[in-house]
Structures are given as structure tokens and as C-alpha cells.
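The chain contents come next:
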Amino acid sequence: MGTQIEALAPELEKMLDASQPIRHLAEGFGGPLGPAEGPLWWKEGRYLLFSDIHNNKRMKYVPGQGVTVFQEPTNRANGLTRDLQGRLIACEHDSRRVTRQELDGSLTVIANSFQGRQLNRPNDVVVKSDGCIYFTDPWTSPRAPEQWDLTVAGVYRVTPDLGTMSLLVGDFVLPNGLPSPRTRPRSTSTTPGASTSAPSTCCPTARWPSRPIACSPTSGARSPASPTA
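Quick caveat, the model's predicted, so the values are computed rather than measured.

**Brief notes about the confidence of the model for the chain**
Right, so step 1: On average, residues of the chain score 79 in pLDDT, and 77% of them reach the 70 mark or higher.
Right, so step 2: In the model, residues 181-213 has pLDDT below 50 throughout and makes 100 contacts with residues more than four positions away in sequence or in other chains.
Right, so step 3: Low confidence marks residues 216-229, where pLDDT is under 50. Its contacts with residues over four positions away, or in another chain, come to 39 contacts.

**Examining the pairing of strand E6 (residues 88-92)**
Consecutive residues of a regular strand have side chains that alternate between opposite faces of the sheet.
Right, so step 1: Counting buried positions over the 5 residues of E6 gives 5, a clear majority of the element.
Right, so step 2: Here E6 shows two buried faces, one formed by Leu88, Ala90 and Glu92 and the other by Ile89 and Cys91.
Right, so step 3: Judged from the 4 bridges that link them, strand E5 (residues 77-82) and E6 form a sheet pairing that is antiparallel. If you follow Ala77 over to E6, its bridge partner there is Glu92.
Right, so step 4: The hairpin formed by E5 and E6 contains 5 residues between the paired strands, and Gly86 there has a positive phi angle of roughly 85°.
Right, so step 5: When E6 meets strand E7 (residues 97-101), the two strands line up antiparallel, connected through 5 bridges. Directly across from Cys91, in E7, lies its bridge partner Val98.
Right, so step 6: Here E6 hands over to E7 after 4 residues, with Arg96 in that stretch at a positive phi of 55°.

**Concerning the nonpolar core**
Right, so step 1: Of all hydrophobic cores here, the largest spans 17 residues; its most connected members are Leu119, Phe135, Tyr156 and Met165.
Right, so step 2: Grouped together as the second largest cluster of nonpolar side chains are 9 residues, Leu49, Val62, Leu88 and Ala90 included.

**Side note on the layout of surface pockets**
Right, so step 1: In this model, the second largest pocket occupies a volume close to 210 Å³.
Right, so step 2: Lining the second largest pocket are 16 residues; nearest its centre among them are Glu37, Asn78, His93, Asn123 and Thr140.
Right, so step 3: Here the lining of the second largest pocket is composed, by residue class, of 7 nonpolar, 7 polar and 2 charged.

**Description of the environment of Asp137**
Right, so step 1: Among the secondary structure elements, Asp137 is positioned in strand E12 (residues 133-137).
Right, so step 2: Separated by 39 residues in the primary sequence, Asp137 and Val98 have C-alpha atoms spaced 9.8 Å apart.
Right, so step 3: Here the side chain of Asp137 touches Asn120 through a polar contact of 2.9 Å, landing on its backbone nitrogen.
Right, so step 4: Polar side-chain contacts of Asp137 include one of 2.7 Å to the backbone nitrogen of Arg121.

**Structural notes on the sheet that holds strand E14 (residues 165-169)**
Right, so step 1: Read from one edge to the other, the open sheet built from 4 strands follows the order E11-E12-E13-E14, with strand pairing classed as antiparallel. The sheet is open, and its two edges are formed by strand E11 (125-127) and E14, each paired on a single side. Each strand axis lies, on average, 25° off the axis of its neighbour in the sheet, ignoring direction.
Right, so step 2: Sheet analysis places strand E13 (residues 154-158) next to E14, joined by 4 bridges and oriented antiparallel. In the sheet register, Val158 faces E14, and the bridge partner there is Met165.

Rules of the game
- Residues numbered from 1 in each chain as written.
- Predicted model: local features only at pLDDT ≥ 70, side-chain atom pairs only at ≥ 80, totals over all residues.
- Heavy atoms only, no water.
- pLDDT = per-residue confidence, 0-100.
- Contact = heavy atoms within 4.5 Å.
- Buried < 20%, exposed > 50% of the residue type's maximum accessible area, 1.4 Å probe, protein only.
- Helix = DSSP H or I, 4+ residues; strand = E, 2+ residues; numbered from the N terminus.
- Pairing = 2+ DSSP bridges.
- Core = buried A, V, L, I, M, F, W, Y, C linked by side-chain atoms within 4.5 Å.
- 1 Å grid on protein atoms, 1.4 Å probe; cavity = no way out; pocket = protein on both sides within 12 Å on 5 of 7 lines; lining within 4 Å.
- Points joined across faces, edges and corners; volume = space filled by probe spheres on them.
- Nonpolar A, V, L, I, M, F, W, Y, C, P; charged D, E, K, R; others polar.
- Polar contact = N/O pair within 3.5 Å; in protein donor to acceptor, adjacent residues only side chain to side chain.
- Axes fitted to C-alpha atoms, helices over the stretch in contact; angles between N-to-C directions.

Written out as C-alpha cells, the structure is:
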């Protein structure tokens, strides 16, 4: 039996066409610690970026040309997306932060702590059409938690001006992927039109509400709780 997309709910149609064939593009990434993740289609250049997490590389796939190293090192970044200005946003495992690469190549830290405690290990990120940034922060580090670490695995929202960060969900076991059905307008004068990170495959039934729904590999999707400032 060939590889195929299994549609478990009609909401999946809002994210992708389950009838499309799955094509094998490349292999050999991730190593024994895990697969490559964080795919992001860069519309202007017509290439795909993805994270080879455990090899500490960001890879670039160009149709018809294959895969090359786009950036190294990356602080073992995982989830990738772009904001409304087309800037690259990444969840970095080793630095335990969410960063934004400015158009001049410099880095801006979007989030690295909450209420004075260091983030766990940011995993996935999406940007909604209002410019707000949502990311998941499970505890997946092999190290034992330190006294200054967060005690929750959360889903967070950061306002476009980076001035306010809110905990939206704090009772997940391991929040992982975030669904991103049309998180930005199809086209505007300021939107480059590149897609966000690929929708989470473990949350096919989630719709985009006023706050996102994340998925946990161990507990499944759950409704978001009231935000905490």
C-alpha cells in the first residue's frame, strides 16, 4: 500500500487536499534522534525550507535541483514560519527561545521567558492574520528542570509589537504542532504570500478560533483555556 493522506475529519479540507499524492523529495535527515521538521514554503524564491533539527541545520529544497544546506548552525531550530512582513520566525531548541530574522539578517528575540522563568523548549509557531505570534512550548529536554524553569508546558501568544506575551493554555501534557488554516490574508500589499508552517498532522480536526488549538502527542487536542497575562 502506497503512502497517502488519511482524512479523519472534513475540516482537513480547509488545510490541504487529501487527494493529492505524496511525493518523496529527499531523505537522510534527523538521524536516530528524530526526523526533519518545520517545513516552510518560500513563495518568492520557490523553495522549501525545513529543519534538520539534530544535525543543527536548516535545509533548502529547490524543485528539480534537490537539497542544500541553507543555514548552519541554527540552535537546533524546529518550527518555522513567516510574519506579515515576510521575516523568518523560528523555534530554537538549544537556546530555548523564539527568534525572528530581520530583513538585514540580524536576529530579534521574540520570547525566551515567561514571568521571569526560562521557556522549556519552543517547538512550533504560526502567525495569525492580525500579526499575533502563537507558539507551543513543551518540556522535551533530556535535562532535569532547573529551579528557574517554567513548571507548565504551554501555548503562548505574543502581540505584533512584542509588548505582551500571554499564556493561553497551561494544562497540556506536551503541546506540539499548531494548525494554521489561512492564518494570513491570501494577498495584500504588505504580505509576501508565503505559506506558514505546514499544518499539524496530529490535529486534523482543529479549527482556528480566537485562540489556537494545539495538539499533544500524549493527550490529543484540547480546547484552550482562558488566557493569563
